[in-house]
Amino acid sequence: MPTSNWSRTDNFFKNAANKSYIGAKGIFNALDTKLHGGIADPDILAFYNSFNPLNTTFNTNYAIWDGLRSTGIGKTLGVVQLLDLLSSTKIKAWDIAIQGIYINSTPEYAHLLPHHRTPFQISTVEKRVAALVNLIAAIGTDASLATVKTSVSAFLLQLQTAIGAQATQITGIDTAIVNMETASNAASDEAFGIFGGFLTKFKATPKLIDIYMPVSFLQNIMQVSFSMTLKFMKVKKVFKRKLDPAKQKIRGTNVGMFAVKGYFTNGLTDQLAAGAAFITMPANTTEDYDLVAAGYTDTNRHFYVVNEGVIDASVEVAIMVEN
């Protein structure tokens with residue numbers, strides 16, 4: 001049996017897609033388009049015919065998932081929105097904090113996170129709640145992880161409150177999440193198999209594979225979705241992009257007790273100029289924001305956020321494309 005992981009046999013499509021379903025949509029749609037562009041070749045036509053139905057299924061389930069994710073925009077965060085934060089910002093921060101005390105090769109770490117981040121990122125609402133409860137129990141009275149335990153406990157309470165408010169919708173949420181995961185995994189597996197087919201087809205000229213692969217999406221999956229923890233009055237640069245105000249918006253999720261300010265600059269400074277436009281992300285909300293209202297221009301493409309409260313805020317920013 002192998003004793004270590006060999007990265008060349010990792011499904012890089014699945015690894016990328018699991019980081020962000022927003023990014024996964026970009027990956028799968030780009031692959032679908034690129035394959036369609038080569039269907040004059042019988043081999044590539046076969047690849048397209050095997051992948052396109054799975055991409056269609058993914059997009060169908062994505063629309064349902066995104067609808068749930070968008071429910072209650074501008075109001076108290078719902079279950080799906082909190083699960084998004086759990087799978088990205090929250091478990092990442094807790095894992096890093098735990099590894100600061102117990103590195104991931106120790107028995108102590110294995111006791112705390114025996115399956116690493118996976119139980120917090122996939123499956124039903126009930127199972128993710130169980131993962132939180134198990135982590136709290138595993139920390140127990142460990143004083144070195146008291147801050148982590150407090151953070152996990154506070155998030156669990158917030159999620160349980162949201163579950164209580166949406167009790168009649170949980171079955172539908174679970175179904176949407178599982179269907180989304182199933183569709184993403186199926187598309188990822190097929191995409192990986194197609195990559196293998198290209199390796200055979202172009203084994204003497206492998207760089208030709210780049211023509212048909214969504215290389216930029218695979219290399220830059222997190223360019224469309226960003227998660228971070230903000231300290232009090234600490235300015236954080238989120239991204240630099242050329243965007244289209246007519247078609248794109250910024251979706252900001254703020255899990256915190258105080259407002260977070262967002263704005264664009266020219267990148268020569270991270271400070272908001274006097275009188276310049278900015279957006280305010282209220283505490284405990286998810287909302288879509290107009291780019292121009294945030295100060296975006298063709299010159300001002302650098303987006304920054306700053307937490308205006310004295311308590312840390314967990315923030316997720318996504319670049320959204322309107323249909």
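Residues numbered from 1 in each chain as written. Predicted model: local features only at pLDDT ≥ 70, side-chain atom pairs only at ≥ 80, totals over all residues. Heavy atoms only, no water.

Undergrad: Would you explain helix α2 (residues 21-36) in this entry?
TA: It helps to recall that an α-helix has 3.6 residues per turn; residues three or four apart then point in one direction. In this model α2 runs 22 Å from its N-terminal to its C-terminal C-alpha over 16 residues, within 8% of the 22 Å that 1.5 Å per residue would give. When we look at burial in α2, the residues that qualify are Tyr21, Ile22, Gly23, Ala24, Gly26, Ile27, Phe28, Ala30, Leu31, Asp32 and Leu35. (Helix = DSSP H or I, 4+ residues; strand = E, 2+ residues; numbered from the N terminus. Expected span 1.5 Å × (residues − 1). Buried < 20%, exposed > 50% of the residue type's maximum accessible area, 1.4 Å probe, protein only.)

Undergrad: What is the right way to look at the pairing of strand β7 (residues 302-307) in this model?
TA: Side chains on a regular strand alternate between the two faces of the sheet. Among the six residues in β7, six count as buried, and that is most of the element. Residue alternation in β7 divides its side chains into two sets, His302, Tyr304 and Val306 and Phe303, Val305 and Asn307, and both sets are buried. Where strand β2 (residues 235-240) and β7 come together, five bridges link them in antiparallel fashion. Within β7, the residue paired with Lys240 across the bridge is His302. Bridge analysis of strand β4 (residues 260-265) against β7 gives six bridges, and the strand direction is antiparallel. Note that in β7 the partner of Val260 across the bridge is Asn307. (Pairing = 2+ DSSP bridges.)

Undergrad: Just to check I follow, could you spell out the packing of aromatic side chains for this structure?
TA: The description of an aromatic ring pair rests on the distance of the ring centres and on the angle between the ring planes. Taken as a whole, this structure holds 18 aromatic pairs when the rule is applied. Ring plane angle 35° and centroid distance 6.1 Å describe the contact between Phe58 and Tyr62, whose orientation is recorded as tilted. Placement of the pair is Phe58 and Tyr62 together in helix α3 (residues 42-70), with a separation of four residues, close to one helical turn. Here Phe58 and Tyr62 have matching classes, each one buried. Look at Phe239 and Phe264: their rings are 6.1 Å apart centre to centre, the planes differ by 65°, and that puts the pair in the edge-to-face class. Taken as a pair, Phe239 in strand β2 and Phe264 in strand β4 lie far apart in primary sequence, 25 residues in all. (Phe/Tyr/Trp six-rings, centres within 6.5 Å; stacked < 30°, edge-to-face > 60°.)

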